[in-house]
Amino acid sequence: MSNVVYRDFALYAGYRTLARLNASSPATPTTTRVAGSHVLQASPHYTTTRRHSLYGTEDRVVIDPGSRIWKVGFSGEGKPRDVFYADAKNYGSLWSWSRATDPAEKAEQDNTLAISLERCMRSVFHESLLAEPKARKVILVEHPLMPLYIKDMLAGILFSNLQVPSISFASSHLLSLLSVGRITGLVLDCGHLESTALPIFAARPLFPQLRTTPLAGSRFSSHIRALLLLFGSYLPPPATLSAAVNVPAANRTTRVPQEILTDAVIEDIKTRCCIVSDALESSLSDVRASSPPGDDPSDHEPPPSSDPAMSESEFSRGSLGQESAAESEFSIISHPTHPTSGGEARNENHLQVLANIKQGTGRGTLIIPGWIRERAAEVLFEGGDVDESSVAEVILDALLKVPLDLRKTLASSILITGGTAMLPGFIPRLHAELLRATAPLNTLSTGSRPTYDRYASLRPLVPHFAILNNPAPVPSSSTRANMNAGKAPAFTPATMAWVGGSLAGALKTGGVEVAREKWD
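Residues numbered from 1 in each chain as written. Predicted model: local features only at pLDDT ≥ 70, side-chain atom pairs only at ≥ 80, totals over all residues. Heavy atoms only, no water.

*Asks:* Summarise the pairing of strand E5 (residues 166–171); cite the residues concerned and give the values.
*Replies:* Of all 6 residues in E5, 5 are buried, a share of seventy percent or more. Considered for its hand, the β-α-β crossover made up of strand E4 (residues 138–142), helix H3 (residues 148–161) and E5 is right-handed. Taken together, the 3 bridges between E5 and strand E15 (residues 513–515) define a ladder with antiparallel strand orientation. The residue of E15 that forms the bridge with Ile167 is Val514. (Buried < 20%, exposed > 50% of the residue type's maximum accessible area, 1.4 Å probe, protein only. Helix = DSSP H or I, 4+ residues; strand = E, 2+ residues; numbered from the N terminus. Right-handed = clockwise from strand over helix to strand, strands pointing away. Pairing = 2+ DSSP bridges.)

*Asks:* Requested: an account of the pairing of strand E14 (residues 414–417), with residues and values cited.
*Replies:* Burial along E14 is two-sided: the face carrying Ile414 and Ile416 and the face carrying Leu415 and Thr417 are both buried. The pairing of strand E6 (residues 185–190) with E14 spans 4 bridges and is parallel. By the bridge assignment, Leu186 is partnered in E14 with Ile414.

*Asks:* Account for the packing of helix H4 (residues 172–179) against helix H16 (residues 496–506), naming residues and giving values.
*Replies:* Taken N-terminus to C-terminus, the directions of H4 and H16 make an angle of 75°; their axes are 7 Å apart at the nearest point. As judged from the angle between their axes, H4 and H16 are roughly perpendicular. For the pair formed by H4 and H16, the contact residues are Ser172, Leu175, Ser176, Leu178 and Ser179 on the first element and Met496, Ala497, Val499, Gly500, Gly501, Leu503 and Ala504 on the second. Across the contact of H4 with H16, the residue classes break down as 7 nonpolar, 5 polar and no charged. (Axes fitted to C-alpha atoms, helices over the stretch in contact; angles between N-to-C directions. Parallel < 35°, antiparallel > 145°, perpendicular 65-115°, else oblique. Contact = heavy atoms within 4.5 Å. Nonpolar A, V, L, I, M, F, W, Y, C, P; charged D, E, K, R; others polar.)

*Asks:* Quick rundown of the environment of Ala376? Include the residues and the values.
*Replies:* Along the polypeptide, Ala376 turns up in the loop between helix H11 (370–375) and helix H12 (391–401). C-alpha separation for the pair Ala376 and Arg225, spaced 151 residues apart in sequence, amounts to 9.8 Å. With near-sequence residues (within four places) excluded, Ala376 lies in contact with Phe220, His223, Ile224, Leu227 and Trp371.

*Asks:* Outline the sheet that holds strand E2 (residues 69–74), supporting the account with residue identities and numerical values.
*Replies:* The strand order across the open sheet formed by 6 strands is E3-E2-E1-E4-E5-E15, and the pairing between neighbours is mixed. Each edge of the sheet is formed by a strand with only one pairing partner; in this case those strands are strand E3 (82–85) and E15. On average, adjacent strands in this sheet sit at an angle of 20° to one another, irrespective of strand direction. Bridging between E2 and E3 involves 4 bridges; their strand directions are antiparallel. Note on E3: the bridge partner recorded for Val72 is Asp82. Packing against the sheet, H3 makes contact with strand E1 (61–65), E2, E4, E5 and E15, and its axis sits at approximately 150° to E5.

*Asks:* Which residues make up the nonpolar core, and what are the values?
*Replies:* Among the nonpolar cores identified, the biggest contains 53 residues, and Ile416 and Phe426 are the most heavily contacted of them. For this core, the element with the highest residue contribution is H12, accounting for 7 residues. When residues no more than four places from it in sequence are discounted, the contact partners of Ile416 are Leu188, Ile395, Ala421, Phe426, Ile427, Leu430, Ile467, Asn469, Pro493 and Met496. In this structure, Ile63, Val138, Met146 and Val164 belong to the second largest nonpolar core, which totals 31 residues. (Core = buried A, V, L, I, M, F, W, Y, C linked by side-chain atoms within 4.5 Å.)

*Asks:* Account for the pattern of salt bridges, with residues named and values stated.
*Replies:* Taken as a whole and assessed by the stated rule, the structure comprises 18 salt bridges. Put simply, Glu513 and Lys137 hold a salt bridge, and the shortest N to O gap is 3.7 Å. Note that Glu513 is positioned in strand E15 and Lys137 in the loop between helix H2 (103–128) and E4, a separation of 376 residues in sequence. On the basis of relative accessible area, Glu513 is assigned to the partly exposed category, the value being 27%. Between Glu388 and Arg219 there is a salt bridge; the shortest N-O distance is 3.1 Å. (Salt bridge = Lys/Arg side-chain N within 4 Å of Asp/Glu carboxyl O.)

*Asks:* So, the packing of aromatic side chains: which residues are in play, and what are the values?
*Replies:* Summed over all chains, the structure comprises 4 aromatic pairs. With a centroid separation of 6.1 Å and 35° between ring planes, the pair formed by Trp70 and Phe84 is classed as tilted. Taken together, the positions of Trp70 in strand E2 and Phe84 in strand E3 put the pair 14 residues apart, joining distant regions of the chain. One Lys or Arg, Lys151, reaches over the ring of Phe169 and ends 5.3 Å from the middle of that ring. The ring of Phe381 has Arg429 lying over it, and the distance from NZ or CZ to the ring centre is 4.6 Å. (Phe/Tyr/Trp six-rings, centres within 6.5 Å; stacked < 30°, edge-to-face > 60°. Lys NZ or Arg CZ within 6 Å of the ring centre and 35° of its normal.)

*Asks:* Break down unusual backbone geometry for me, citing the residues and quoting the values.
*Replies:* Here the phi dihedral of Gln163 falls at roughly 60°; this positive angle occurs in a residue that is not glycine. One non-glycine residue, Ala202, adopts positive backbone phi at about 55°. Examined against the element boundaries, Ala202 turns out to sit in the loop between strand E7 (195–201) and strand E8 (204–205). Among the residues examined, Ala202 registers a relative accessible area of 27% and is labelled partly exposed.

Below you can see the structure in the form of structure tokens.
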């Protein structure tokens, strides 16, 4: 009996000792198996374990409704889920800044626009995002000059037809600046209808200092169409197979028919073929100073980049022995140097683009001279007009309107956004145009009256000019300019506003929300 009691007492003492050791020693930290759990697995867009938008309704829907292209997706993601044309058939614009004056025509235009907007909105939720609109809050990216009746249509469709819980309207310029981690800067939005420069200080847009110009993507497309009608060539498809072999191509070359240059063809040429080259040798300031009074420098067309002595037929002559690639509708053909009558070789290689267009029994060929691809964007940088300032003059005019103590800060934090700004070479050329526009005028020419120097007060800011998303920044003597130039994240200029809306939705800083109950 004593042995049993002693054994029970020893076991009890051992349990008490083990309990004291566990109480005195620190607890071992527990680890959560995040990587191995398929339930808590995060989205590739996140570094946390919060639930993705497909499984929850926390993320908001971010919509950037442009006049031609819409970008849609969920907040917290790094890129849009879908980018589509509002008019997928004709590549046209849903609205314009002009509106009918007749009440009947105005009502008909409004009804057509409302139907198109409703179709696009339903496509956003039911085709692009596959989300239930009744459980999703919406962040709507708005342009500062978007007409109020269009905003009213968008809100009415979202609240009445789709029944979303709330809508937050956010400025596109402010969201673009937010996407690069800034709250102060001068944002230039080069869109389709117009180019708009808006200064922003401490996340507050300075709307009274907003400046705009109609020189944008629409004017660029019209200019390309006009140049092709004048200098382009078109090879119609042969009527028979024997004609394709027996009839020389030079005999079939004609002027470009106007019906060939549809909006879809112009859009493909603009986005896939056009570039922005360096400025011509004669600067705009020299032309203004050397021209006699009363002459408009914009009337003088710049010469083409190739030999000006060549005729239009030589510009339009293409290499027809090469076929275009099967996977692409366009093929770029570089012609070798041709000997002249004097035995010398021309230094220019005539770069042309062949656009194969299906028509009739075969495929027609649109031949585009290389200098049109290179110089068509000059229309965006030709200023001197009060109503149609160049994109560089819009930035300088906005700097003239802001207070003096903000000019240096804004000049060193310029951000370029918009689809037109995605042209290769656009941003470096814009920086060069800013320097040229603020350069001293040439007053050495005799017989000319003194001209007014509009941007003389901005000349001390020349070393401080810096574009945040400049892919090829130029070294400057200003430390601030060297610290800011080219330091923005590598987002495409066309999606910066949407990325800013995605960031604002993830941080719950999308602005004032308009609930459906208040709208009703």
